[in-house]
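# Geometric and topological summary
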Amino acid sequence: MAPRQTSSKKIIAIDKAKKSQKPMKGREVIVKSLENEGCEVLFGYPGGTSMEIHQALTLSKKIRMVLPRHEQGGAFAAGGYARSTGKPGVCMATSGPGATNLLTGIMDAKLDSIPLIAITGQVPSTVMGSDAFQEADVVGATFPLVKHSYLVQNINDIPQIIHEAFHIASTGRPGPVLIDIPKNIQQQETIPDFKVSLDIPGYKPNLKPAPQQIKKAAHFIHEAKRPIIYAGGGIIASGASEELRKFVRKTGIPITNTVMGLGSYPMDDPLSLHMLGMHGAVYANIAINHADLVIALGVRFDDRVTGKLAEFCPDAKFIHVDIDPSEINKNIAIDVPVQGDVRQALKMLNDIVEPKKNIEPWVQQVNGWKKEFPLSYQLEDQAIVPQHVITEAQKMAEDDAVVSVGVGQHQMWVAQFWRFHSPRTFLSSSGLGAMGFGLPAAMGAQVAHPDRQVINIDGDGSFLMNIQELQTLKIENIPVKNIVLNNAHLGMVAQWEDRFYKSLRGHTFIGDADFAEIADAFGVAGETIRKPEEVKPALKRMFKHKGPYVLDVKYPYNDQSHGHVIPMIPSGHTYLDTILDQTYNLREYWKEKGIEP
Ligand SMILES: Cc1ncc(C[n+]2csc(CCOP(=O)(O)OP(=O)(O)O)c2C)c(N)n1
């Protein structure tokens with residue numbers, strides 16, 4: 001950064017002001033700077049090189065310190081806080097193993113564009129580079145995982161660095177920022193100057209879309225006969241849900257969401273085609289592949305959405321609005337690139353776009369597909385069906401409940417069957433797909449929203465990966481409700497074994513734990529159920545309970561298609577290869593009916 005110019009008069013004034021102040025330790029400067037940025041909660045696990053900061057945190061009246069029971073839990077909790085509020089989540093760990101335990105949470109925030117501040121203690125700068133006890137080059141290790149990182153080398157830089165970190169994490173395309181602080185700097189004293197400025201060379205994200213591109217986009221929209229909106233996490237990150245609703249209301253164009261975009265548009269609206277992609281709705285995938293115009297808003301053409309890229313949307317032109325210029329033309333050649341904030345772009349579009357009068361036949365066709373290929377499941381007499389648990393839970397849950405998930409079949413069933421209608425209500429490790437996310441993410445969201453219902457719908461494998469956070473729920477009295485869909489298997493991998501490896505089990509049976517008993521050992525209330533008729537009363541008891549809760553839902557892993565997440569487009573294939581059930585894929589189904597794709 002260029003040195004700041006200070007006049008001699010100003011220097012005398014600053015010196016005078018400094019003389020009247022008391023010196024502060026680095027650790028206090030860190031906490032005060034965090035308070036100045038509006039940090040209200042920090043998820044931190046102490047150790048030799050971060051305990052100084054914990055000492056200072058005990059004196060803070062503004063920051064709640066939540067002690068996770070594993071640093072990964074802390075990083076995911078900070079992510080859950082950020083996902084549910086839009087504000088940067090803050091986590092902290094000691095050097096070495098504490099810092100490396102944060103890595104998965106940092107990467108998760110990077111792939112899903114979540115604002116996260118990760119603070120790590122570092123060995124004293126005097127011994128850095130000597131393989132000192134618990135020394136890890138965390139700046140180096142996280143280099144490809146972060147949006148930006150800092151190694152603090154001077155105590156007087158702390159306020160400026162923390163200010164910049166919050167700014168970088170939460171502006172432009174949000175992401176994780178690491179601040180590594182050697183212990184000796186936390187212990188030094190200075191008379192701090194908390195005046196900060198924002199002049200970061202090379203970082204000036206452009207928010208304003210070019211008006212001529214917006215005009216061009218509007219022209220393409222007016223001309224299109226089979227348009228579709230494909231909206232993702234960018235809508236939620238930029239707070240564009242209202243503008244998106246206006247845009248859909250005004251144009252009448254059908255809309256489908258990515259996993260990250262769920263909640264950006266009400267899924268019970270007739271124009272919602274729900275989720276698209278590998279486990280998305282058949283009608284969403286058919287519709288986008290028959291579109292003549294794809295209006296891509298805050299998405300990144302992820303391979304789980306496109307399948308075989310060369311055959312994705314063969315007849316479509318593309319408008320792509322994204323804050324990150326490197327996303328545009330990355331996977332797909334774009335006809336109308338619009339770089340800028342998607343909320344501003346939609347606002348500008350809403351001013352000039354006209355109601356579409358020529359798409360009635362298209363909307364009718366889309367509705368036909370919606371009727372023909374509904375998302376559905378079969379109930380069973382003897383066994384609990386997980387999709388049914390999800391549907392029943394939503395019926396009983398509060399309207400503004402926040403739902404988090406682990407990774408696997410249960411995650412996709414929640415995405416398919418929970419009807420989200422508000423942004424920041426669905427928390428899913430989507431890009432990284434990190435098991436162990438659900439419980440700590442819910443914990444972070446619940447700390448942010450103490451009066452709302454927060455529900456973690458987890459798989460047994462995923463729940464086990466950060467199960468220690470049950471103790472945090474208990475000790476901190478964080479009333480997260482956990483529904484563990486317990487099939488004693490790593491279900492999603494078993495599903496792939498059934499489909500592509502002749503059901504040979506390659507270490508995907510994990511055993512049947514009793515999660516209610518485990519919860520009890522942590523002092524958390526819980527219940528185990530096995531029979532279909534137990535589902536509703538057990539859910540009722542869970543929602544009535546005031547504190548944290550674990551509902552262990554045992555159901556058999558089922559290797560028939562009704563036990564699989566269906567529909568499914570096998571990786572690298574097109575929508576025509578969608579597995580519809582045990583017998584058919586879409587290509588065969590249409591062939592039999594004499595329908596040309
Ligand atoms: C940390 C991590 N390790 C491995 C995987 C690979 N993986 C994806 S889904 C899955 C199975 C998840 O099992 P469970 O949580 O029980 O959920 P289910 O699929 O049974 O609903 C695995 C092992 C992963 N996504 N994350």
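In this report, we go over the structure that sits alongside the text. Quick caveat, the model's predicted, so the values are computed rather than measured.

## Comments concerning helix α22 (residues 491-500)
Listing the buried residues of α22 in full gives G491, M492, A494, Q495, E497 and D498. On its buried face, α22 sits against α18 (409-417). K502, located one to two residues past α22, shows a positive phi value of around 50°.

## Considering the sheet that holds strand β12 (residues 293-297)
Taking strand neighbours across the sheet as the criterion, the 6 strands line up as β11-β10-β9-β12-β13-β14 in an open arrangement whose pairing is parallel. Every interior strand has two partners, whereas the edge strands, β11 (272-275) and β14 (336-339), have only one. On average, each strand axis in the sheet is inclined to that of its neighbour by 15°, with strand direction left out of account. Here helix α10 (residues 211-223) sits on the sheet and contacts β12, β13 (317-322) and β14; the angle it forms with β14, its principal contact strand, is near 135°.

## Concerning empty space enclosed by the protein
Under the counting rule described, the total for this entry stands at 1 cavity of 30 Å³ or more. Taken as a whole, the largest cavity holds about 130 Å³ of empty space. Lining the largest cavity are 20 residues, and of these V305, T306, G307, I569 and H573 lie nearest its centre. Those elements that provide at least two residues to the lining of the largest cavity are α13 (282-290) and α14 (303-306). Residue classes in the lining of the largest cavity are distributed as 7 nonpolar, 9 polar and 4 charged.

## Digging into the sheet that holds strand β4 (residues 89-93)
Strand order across the open sheet formed by 6 strands is β3-β2-β4-β5-β7-β6, with parallel pairing between neighbours. Strands with a single pairing partner mark the edges of an open sheet, and in this sheet they are β3 (64-66) and β6 (148-151). For this sheet, the mean angle separating the axes of adjacent strands, direction not counted, is 20°. Alignment of β4 against strand β5 (residues 116-122), held across 5 bridges, turns out to be parallel.

## A word on the pattern of salt bridges
A complete count under the given rule lists 21 salt bridges for this structure. Among the salt bridges present, the one from R64 reaches E476, with a minimum N-O distance of 3.1 Å. In this pair, R64 is assigned in strand β3 and E476 in helix α21 (residues 469-476), connecting sequence segments 412 residues apart. Notably, a salt bridge pairs R505 with D498, separated by 2.8 Å at the nearest N-O pair. What makes D498 buried here is its relative accessible area of 12%. Among the charged side chains, a salt-bridge network with shared partners connects R173, D324, E327 and K330.

## Things to note about unusual backbone geometry
Among all residues except glycine, the phi angle is most often negative; among peptide bonds, the trans geometry is most common. Of note, the bond from I566 into P567 is cis; its omega dihedral lies within 30 degrees of zero at 0°. Structurally, P567 can be placed in the loop between β20 (549-554) and α25 (586-593). A positive phi is found at Q134, a non-glycine position, where the angle reads about 60°. Given a relative accessible area of 26%, Q134 falls into the partly exposed group.

What counts, and at which threshold
- Residues numbered from 1 in each chain as written.
- Predicted model: local features only at pLDDT ≥ 70, side-chain atom pairs only at ≥ 80, totals over all residues.
- Heavy atoms only, no water.
- Buried < 20%, exposed > 50% of the residue type's maximum accessible area, 1.4 Å probe, protein only.
- Helix = DSSP H or I, 4+ residues; strand = E, 2+ residues; numbered from the N terminus.
- Contact = heavy atoms within 4.5 Å.
- Pairing = 2+ DSSP bridges.
- Axes fitted to C-alpha atoms, helices over the stretch in contact; angles between N-to-C directions.
- 1 Å grid on protein atoms, 1.4 Å probe; cavity = no way out; pocket = protein on both sides within 12 Å on 5 of 7 lines; lining within 4 Å.
- Points joined across faces, edges and corners; volume = space filled by probe spheres on them.
- Nonpolar A, V, L, I, M, F, W, Y, C, P; charged D, E, K, R; others polar.
- Salt bridge = Lys/Arg side-chain N within 4 Å of Asp/Glu carboxyl O.

Note that all results are geometric; they support no functional claim without further evidence.
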